[in-house]
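Coordinate inspection notes
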Amino acid sequence: MGVDLIGQLSLKGTYLSINPKPPFYMLPELSLEDRVRLVESLKPRQYSRPEPPQPDRVNGAEDQSLEQAAIKVNDVERKQQNSRLLIRGMKVLSGETMTDDYTVIVENGVISQVVATAAVNKQEGDEEHDYHAVGGIVLPGFIDLLLHGAAGVDVMEGKAAVLTIANRLVEEGTTAFLAGTMTQSPELTLAAIKGVQAAMKQQASAGIEGSEILGVHAEGPFFSPHKMGCHLPSCQRVPDLLEVETWQQEADGIVRVITLAPELPEAEEFIAVCKSADIILSIGHTSCDGNEAFDYIGRGIGLATHLFNAMPDGGHSPGTAGCAMGILRTGIPYTLIADKHHLDSSIIYGLTEWRSFTQRAILISDGISAKYVGEGEFELGGQEIVVEGDKAKLKGKSNLAGSLLKMNEAVRNIIEFSAGQLTLAEAALLASRNPAKVLKLDHVKGLIKANMHADLVILDENYDVLATYRFGQKVFPSGG
C-alpha cells in the first residue's frame, strides 16, 4: 500500500490546520510507485506563450487554469500582427556580439531578423522606432530571478501587489521575473504563492503589459537557523516535500526555484525528488563549509542564491569565504546582488577573473518594497526594516534586508566593479541569457536573434532606460 502523502489536509485557505499530518521527513520510506507519483505532482508547469484567443474565450479568464488563460487581442496587438516593427539602435547586442547601427525586425511579437540598418528592406506598413540619434543601445530584456517587492508593496501581499510590481519593473528594463516569497508560516506562504498564481492569470488575460511573471522563487523557509539573514527565525523549518507538493497542486505548478540549506535533516531525499521533478534547487542561507557545499551540490543542486551572502564569511567585506569557494568549484551558476552593499567591490573584481564568470554569474535585484520609494520604515516578511540612503537593514540590527537595486543599475555596477574587465555586452548577458538558461527558457528568451521573443530594453550611454519592449510591444514609457 502506498503512502498517502496528502491525507486529510484541508487546502482551501489553510495548511496543516485540520487533521494535520507530520512533515515528510517523519513519514515512512516511499515506495518506488509513490516516489514516481510524487515527482510528477511536483513538476513545474511548462512555460508556453499564450496564443491570442477567440473572443468568446476571453470572458471568464479569471476562472480558467493558467494553461487556458488567454491574451486579449487589443488594437495594438492586431496592428502588430499585420505589420513589422523595426527597432534601430546606435548599437544592438545581436546574439552575443555588440554591433553598430543595426535594426531588430519584429513580427507577431517575435524577432524575425537582426540586420545592419543599411541592409533593411523596408516594406509598406512597417512601423519604425529609431533610437540611433539618441545613442540607444538595444539589449535583451533583463530577467530577474529573485525579487520580493517594489513600489511600496511586497509579493507576500498577494495578487494586486504582484501586478503592481510587474507594472513597475519595466522601468528598469526587466521584462520577466520570478516573484520571491519570504520565510513565513505555511498558511501565509501558500497564500502568497496562490496570489502570484492569480496575478499570472490576470496578466495573461489582460494583454501584454508590465514585466512577465514567470513563477515563484521560494526563498525560504528551508534555511539554516544560523543563517536566516532578514528572514523570520520563528518560521524556519526543515525541507518538507509535503508542503512543496501542496504549493504545486494548489497553485498550478508555478514554483520554479527553491532556495534551501542542504545540510538540514532529510534534505538528501528532498533534493533527489525535487531534482527528478525539475524544480531548480538553489543553495543559500546555509552554514555549509566549502567541502560540504561541493558535496551537496553534486547530489542535485543547480544554482546558488546571492553568492557570499547568508553563507559562512559573507562577501560584503573582504575575507575568507569557504562555502562560496566550494560553490565556485562545482561549475553551477550563481546569483549576485551588485548593489555596492551585499558584495565588496574587491570580491566582484576577483570573481570576474574566473574563466567561467561570464557564463555562470547571474545578476539579480533581491528588490524589496522600498524600491522606487526610498528612505523610511517598511515591512519585509513580517519584520521591520529601515532604509537609509539606498541601504536596507533590519530595524535595530546590522542584517542587510534585500536591496533597492534596479537591474539596469546592476549592469552598470558590475562593469564598474570589474574595473573594465567586463564589456557592456558581457554584463548585459549576466542579466538576460544566463537567467534564461537556468529556467530552460534560452530557446525563446535571453538573446536578440531570430525566433526569440522580442523582449528588449534600450539603454543610453549612462545605462538609463529609454524604452522597454515585451513581445515587441512598448511597455515603457507608457503611451507607446
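Please read these numbers as outputs of a predicted model, since none were measured by experiment.

A few points about the nonpolar core
Residues I87, V104, I258, L307, I327 and I414 are the most contacted members of the largest nonpolar core, which totals 123 residues. Setting aside its immediate chain neighbours within four residues, I87 contacts Y102, T103, V104, V106, H129, Y131, V138, L456, I458 and Y469. The next biggest cluster of nonpolar side chains, apart from the first, holds 14 residues, and it includes M156, F378, I385 and V387.

So, unusual backbone geometry
For the bond from G220 to P221, the omega torsion is 20°, close enough to zero to count as cis. Mapped onto the elements, P221 comes out in the loop between β10 (212-219) and α6 (241-250). Cis rather than trans, the peptide bond between F476 and P477 has omega equal to -10°. Mapped onto the elements, P477 comes out in the segment after β21 (473-476). The phi dihedral of E266 is positive, around 65°, even though this residue is not glycine. Following the sequence through the fold, E266 ends up in the loop between β11 (255-260) and α7 (267-276).

Let's talk about the packing of helix α8 (residues 290-297) against helix α9 (residues 322-330)
Angle between the axes and distance between the axes: these two values describe a pair of packed helices. It is the contact of α8 with α9, at a shortest axis distance of 7 Å, that shows an interaxial angle of 35°. In the crossing of α8 with α9, the sense of the turn from one axis to the other is right-handed. Contacts from G290, N291, A293, F294 and I297 in α8 reach G322, C323, G326, I327, R329 and T330 in α9. Of the residues in the contact of α8 with α9, the class split is 5 nonpolar, 5 polar and 1 charged.

Focus on the side chain of R84
Looking at the element boundaries, R84 is found in strand β1 (residues 84-94). Within the local environment of R84, its side chain forms a polar contact with the backbone oxygen of N121, the two atoms lying 2.9 Å apart. Of note is the side chain of R84, whose polar atom sits 2.8 Å from the side chain of D126. Every residue in contact with R84, bar those within four places of it in the chain, is listed here: I105, V106, E107, Q113, N121, K122, Q123, G125, D126 and E127.

Thoughts on the sheet that holds strand β16 (residues 376-380)
The strand order across the open sheet formed by 3 strands is β16-β17-β18, and the pairing between neighbours is antiparallel. The strands lining the two open edges of the sheet, one partner per strand, are β16 and β18 (391-394). Geometrically, the sheet is characterised by an average inter-axis angle of 35° between neighbouring strands, direction not taken into account. Here strand β17 (residues 383-388) pairs with β18 via 4 bridges, running antiparallel. Counterpart to I385 in the pairing with β18 is L394.

Reading guide: rules and limits
Residues numbered from 1 in each chain as written. Predicted model: local features only at pLDDT ≥ 70, side-chain atom pairs only at ≥ 80, totals over all residues. Heavy atoms only, no water. Core = buried A, V, L, I, M, F, W, Y, C linked by side-chain atoms within 4.5 Å. Buried < 20%, exposed > 50% of the residue type's maximum accessible area, 1.4 Å probe, protein only. Contact = heavy atoms within 4.5 Å. Helix = DSSP H or I, 4+ residues; strand = E, 2+ residues; numbered from the N terminus. Axes fitted to C-alpha atoms, helices over the stretch in contact; angles between N-to-C directions. Left-handed = near helix turned anticlockwise from the far one by under 90°. Nonpolar A, V, L, I, M, F, W, Y, C, P; charged D, E, K, R; others polar. Polar contact = N/O pair within 3.5 Å; in protein donor to acceptor, adjacent residues only side chain to side chain. Pairing = 2+ DSSP bridges.

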